[in-house]
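Take a look at the letters that make up each chain.
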Amino acid sequence: MISEASKLAGVTKKAVNYYIEQDLIFPDSLENGYRGFSDKDVERLKEISALRKLGLSIEEIKMIFADETSSGLQKISVQKELSLRRDKAKKAILDKLSCGYSFAEIDKDLKTIEQSATITEKLLNAFPGYYGRFICLHFARFLNEPITTGEQQAAYAEIISFLDNAPPIDFPKEIQSFLVENTKHINTEDIHDLIENTKRSIEDPQKFLTENRETIEQYLQYKQSAEYKQSPVYHMQRILKEYNRISGYYEVFIPAMKKLSTSYAKYYEQIESANEKLLLQYPEF
């Protein structure tokens, strides 16, 4: 009965009825007109309650329950983080207003938040799973600059067009399964750690090469092995490299990002410099 199920799940009867109306739970209809709730239904009610307390919408919860890979939860986690960043930026703007800035003076700041939100959301939607989350969080940190020139505005439009028209990445089922299995425990903090490690390595590439010489040489040796060339990682990297080549990622998206964001242009220069040092030391890379 609904009263018993609501007590067991710790939610109100109205909430239970609402979740039934929203097709989140499907209790049996009994001959006496009452609803029959199984142990599974009660567990589902508890899960819904927990997700609602975390601020998720009904539509987001439906997406999570329809997804058996947990990628929906991972995507929402990134969206929540991006939302927190935007809220922090909005608070800074409110602080400016409280200190006497005019609405005209904070207009560029507001537009920057809107433009960053548009690009990051489209990045997250354009690329699947872990790759999308990594790409989104990687580029998000370069999108906090206001657009002040015609060149930047054109670059922004080019990025939006690219993301709207980029074809989906066609991973074979075995690669999809590999990705899901090997990235399901990676959260946004892990991705940030990877991004920060990459950032440190290109800021002082010689130090990175010296301190990680043994690891790099082991990795290079592994990349020459038959085991690596038969691995899902090898096939995934080949697919991503080919996708980036044919989609215009290198020819359209990256050049536009360099024009849009001066911080990204500087970062890209560091990458190129680090790559030159790496190839001088390890030409087989």
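(A) Examining the nonpolar core more closely. Core analysis: the largest hydrophobic core is formed by 42 residues, its most contacted members being Ile119, Leu123, Phe127, Phe139, Phe253, Met257 and Leu260. Residues within four places of Leu123 in sequence aside, it is in contact with Ile135, Cys136, Phe139, Leu163 and Phe253.

(B) A look at the confidence of the model for the chain. Summing up the model confidence of the chain, the mean pLDDT is 92 and the portion of residues at 70 or higher is 100%. The least confident element of the chain, judged by mean pLDDT, is strand β2 (residues 35-36) at 85; the most confident is helix α15 (residues 249-260) at 97.

(C) Seen up close, the pattern of salt bridges. Counted under the stated rule, the structure contains 11 salt bridges. Residue Glu43 is joined to Lys46 by a salt bridge in which the shortest nitrogen-to-oxygen separation is 3.5 Å. Remark: Lys46 and Glu43 occur in helix α3 (residues 39-53); sequence separation between them is three residues, near one turn of the helix. For Glu43, a relative accessible area of 42% gives the class partly exposed. Taking relative accessible area as the criterion, Lys46 reaches 35% and is therefore assigned partly exposed. Of the charged contacts in the structure, one is a salt bridge between Lys122 and Asp164, with a shortest N-O distance of 2.7 Å. On the criterion of sequence distance, the pair formed by Lys122 in helix α6 (residues 107-126) and Asp164 in helix α8 (residues 150-165) is long-range, its members being 42 residues apart. Look at Lys122 and you get partly exposed, because its relative accessible area is 24%.

(D) Focus on the environment of Glu181. Here Glu181 lies in helix α9 (residues 173-183). Here the alpha-carbon distance between Glu181 and Glu60, two residues 121 residues apart in the chain, equals 22 Å.

Reading the values: the criteria
Residues numbered from 1 in each chain as written. Predicted model: local features only at pLDDT ≥ 70, side-chain atom pairs only at ≥ 80, totals over all residues. Heavy atoms only, no water. Core = buried A, V, L, I, M, F, W, Y, C linked by side-chain atoms within 4.5 Å. Buried < 20%, exposed > 50% of the residue type's maximum accessible area, 1.4 Å probe, protein only. Contact = heavy atoms within 4.5 Å. pLDDT = per-residue confidence, 0-100. Helix = DSSP H or I, 4+ residues; strand = E, 2+ residues; numbered from the N terminus. Salt bridge = Lys/Arg side-chain N within 4 Å of Asp/Glu carboxyl O.

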